[in-house]
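Architecture at a glance
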Amino acid sequence: MSDNQSWNSSGSEEDLEPREEPVPLVGVVDLSGVLSKWTNYIHGWQDRWVVLKNNTLSYYKSQDETEYGCRGSLCLSKAVITPHEFDECRLDISVNDSVWYLRAQDPEHRHQWIDSIELHRADSGYGSESSLRRHGSMLSLTSATSGYSATSTSSFKKGHSLREKLAEMETFRDILCRQVDTLQKHFDSCADAESKDELQRDKIVEDDEDDFPNTRTDGEFLHNNNGSKEKLFQALSPKGINGIDFKGEAITFKATTAGILATLSHCIDLMVKREDSWQRRLDKEMEKRRRIEESYKSALNELKKKSHFGGPDYEEGPNSLINEDEFFDAVEAALDRQDKMEEQSHTDKTRIQRSSPVPPADIYSSSGSHRFSNKVEEMVQNHMTYSLQDVGGDANWQLVVEEGEMKVYRREVEENGIVLDPLKATHSVKGVTGHEVCHYFWDTTYRNDWETTIENFNVVETLSENAVVVYQTHKRVWPASQRDVLYLSAMRKILANNENDPDTWLVCNFSVDHDDAQPSSRCVRAKINIGMICQTLVSPPEGDKEISRDNILCKITYVANVNPGGWAPASVLRAVAKREYPKFLKRFTSYVQEKTAGKPILF
């Protein structure tokens, strides 16, 4: 046996297990199409061309720009796909700190995208059994069919006893190889000696046939010429040919193989003990991993409860990461979009001819009889007493807007960080009466024609012919939370104390509670106390002419005390109030002028 046929113990660990070729993805379907993607708080949702391919989600500005490269991509191996709880068309995809907010055109398309993304993640091999197996142990201690050695010194880097036994195995191997070589030489010598004996025997037989020598009958001895005897074949010495002690070598060979077997048995015992130790350590690591995974899932669930900064679900708050300038820019951008949408729909609204019968004026002379009658009467008296007072010379009131006949005053008040600024506006409108202005302000039939901030509203309860309880939700202006308000709206005609007093009408709206409209977590409930007081001034017509709309003027006093609830920067709230209240008064009074033009005057 040659050296290259001996036991090889210098192989590396990589030789102990055949390499596994990567498995190509099977059954994966690529997908592409248009999805709406949340860009930022200025531009909101924008349509983007999204491509799902090779376990990667990429998006482009449009399908025509795919050749210029994608604008962003996500590897889906570690992605978390979350269908939105309320929006049936939306799905959120997050990878670490990166979050994509996407909306499909309908729930079916969203379901198709989610299924395709999950299929890519499942077939990517991330976290699968085959992937983990490729990174597992390179040595199996219990395999009985492996064609590789389990005693390589590079297989175990620790354990002094095991290294000693493996060194003994190396020594036994060298001894065994030398003994095998020695025995092989002895066997070769024996074979050569036997061949020489056969040749010598054949030669003796031929000589005997020629010379007829005297031989013994047993053929063992022959007589030479001087009569002495000579042995025909030389017997082998006890040490064999070339002085090899065959019996001693055999005993040593047996002892060496017994030592190898004993050492192998000891190595196996050490390996089993080491396997038990590693198994315990593996169990501890698996338990540690389980606890970490549970902590990660818990943290992820907590993170989902909080809105991601910059996303469409981002909520206002005192610990907001968005500064006041960004907050104001976002609110202003959202209001600008609402104004554009309102301008587009204004033409359609003016075409719709809505009308409701105007009740007799005497029904507005009292508060009626209902459970809020006393509260309504109290609010009416407060408005008539305090709201009509001139604030032009009051240092506590600041003139913030002056446009023609319209003036808007504000008094800055904060409570617990919430802006509660009372606001007062005065305005004069030609061609309409106080009754007409209050009628269109109070009657819910016309509410959607002039009010642009309301998302929806409904009359919760009709208390009397001049008092209703209304619940309405306002359009959300991101990043501020959505607001709703529940209030009682009452319309009154104020009886004159003398004939020189102008004809006065009043609408007061103030917050109340109602069992059919409880606060919800979806909106922040705002509290309001609003009054609109309208006085009609009539100038005498010339000659015998009848009074026309050119002879009437409505003096409007509008007061508002609003607690917006929640939290938003004070500077933003004041800036929005300064911008929106004048726009509201101009928009509403222009609407009343359009609705009453050419109609009989309603005093």
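In what follows, the structure referred to is the one given above.
Quick look at the structure, then.

Cut-offs used in this document
- Residues numbered from 1 in each chain as written.
- Predicted model: local features only at pLDDT ≥ 70, side-chain atom pairs only at ≥ 80, totals over all residues.
- Heavy atoms only, no water.
- Helix = DSSP H or I, 4+ residues; strand = E, 2+ residues; numbered from the N terminus.
- Buried < 20%, exposed > 50% of the residue type's maximum accessible area, 1.4 Å probe, protein only.
- Polar contact = N/O pair within 3.5 Å; in protein donor to acceptor, adjacent residues only side chain to side chain.
- Contact = heavy atoms within 4.5 Å.
- Salt bridge = Lys/Arg side-chain N within 4 Å of Asp/Glu carboxyl O.
- Core = buried A, V, L, I, M, F, W, Y, C linked by side-chain atoms within 4.5 Å.
- Phe/Tyr/Trp six-rings, centres within 6.5 Å; stacked < 30°, edge-to-face > 60°.
- Lys NZ or Arg CZ within 6 Å of the ring centre and 35° of its normal.
- Pairing = 2+ DSSP bridges.

The next point concerns the side chain of Asp 92. The residue Asp 92 is located in strand β6 (residues 90-95) in this model. Among the residues examined, Asp 92 registers a relative accessible area of 13% and is labelled buried. A polar atom in the side chain of Asp 92 sits 3.0 Å from the side chain of Arg 90. Among residues more than four places away in sequence, those in contact with Asp 92 are Val 80, Ile 81, Thr 82, His 84, Trp 100, Tyr 101 and Leu 102.

All right, on to the pattern of salt bridges then. The final tally for this structure, using the stated rule, is 20 salt bridges. A salt bridge links Glu 287 to Arg 290; the shortest N-O distance between them is 2.3 Å. Remark: Arg 290 and Glu 287 occur in helix α4 (residues 246-305); sequence separation between them is three residues, near one turn of the helix. Residue class for Arg 290 comes out partly exposed when judged on its relative accessible area of 37%. The salt bridge partner of Glu 414 is Arg 574, with a shortest N-O separation of 3.3 Å. Of the two residues, Glu 414 is situated in strand β12 (residues 414-415) and Arg 574 in helix α9 (residues 570-596); the sequence distance between them amounts to 160 residues. Three or more residues are tied together by salt bridges with common partners; here these are Glu 287, Arg 290, Arg 291 and Glu 294.

The biggest cluster of nonpolar side chains holds 36 residues, and the ones touching the most others in it are Val 437, Phe 441, Met 532, Tyr 558, Phe 584 and Phe 588. Ignoring anything within four residues of it in the chain, the contact list for Phe 584 reads Phe 441, Trp 450, Met 532 and Tyr 558.

Time to look at the packing of aromatic side chains. The final tally for this structure, using the stated rule, is 11 aromatic pairs. Ring centres of Phe 584 and Phe 588 lie 6.2 Å apart, and the angle between their planes is 15 degrees; on these two criteria the pair is classed as stacked. Taken together, the positions of Phe 584 and Phe 588, both in helix α9 and four residues apart, correspond to about one turn of that helix. As far as the burial class goes, Phe 584 and Phe 588 line up, both buried. Aromatic rings pair up to connect Phe 441, Trp 450, Tyr 558, Tyr 581, Phe 584 and Phe 588 into one cluster. The ring centre of Trp 45 lies 5.9 Å from the NZ or CZ of Arg 103, which sits over that ring.

Where burial is concerned, most of strand β16 (residues 467-474) is hidden: seven out of the eight residues are buried. As defined by bridge partners, strand β15 (residues 454-464) adjoins β16 across eight bridges and the pair is classed as antiparallel. In the sheet register, Ser 464 faces β16, and the bridge partner there is Ala 467. In this antiparallel pair of consecutive strands, β15 and β16, the connection spans two residues. In terms of strand pairing, β16 meets strand β17 (residues 483-494) through seven bridges, oriented antiparallel. Its bridge partner being in β17, Val 469 is matched across the sheet by Leu 488.

Our next topic: the environment of Asn 529. Here Asn 529 is to be found in strand β20 (residues 527-538). Given a relative accessible area of 23%, Asn 529 falls into the partly exposed group. Separated by 107 residues in the primary sequence, Asn 529 and Pro 422 place their C-alpha atoms 9.7 Å from one another. Setting aside chain neighbours within four positions, we find Asn 529 in contact with Met 379, His 383, Asn 509, Phe 510, Val 559, Ala 560 and Asn 561.

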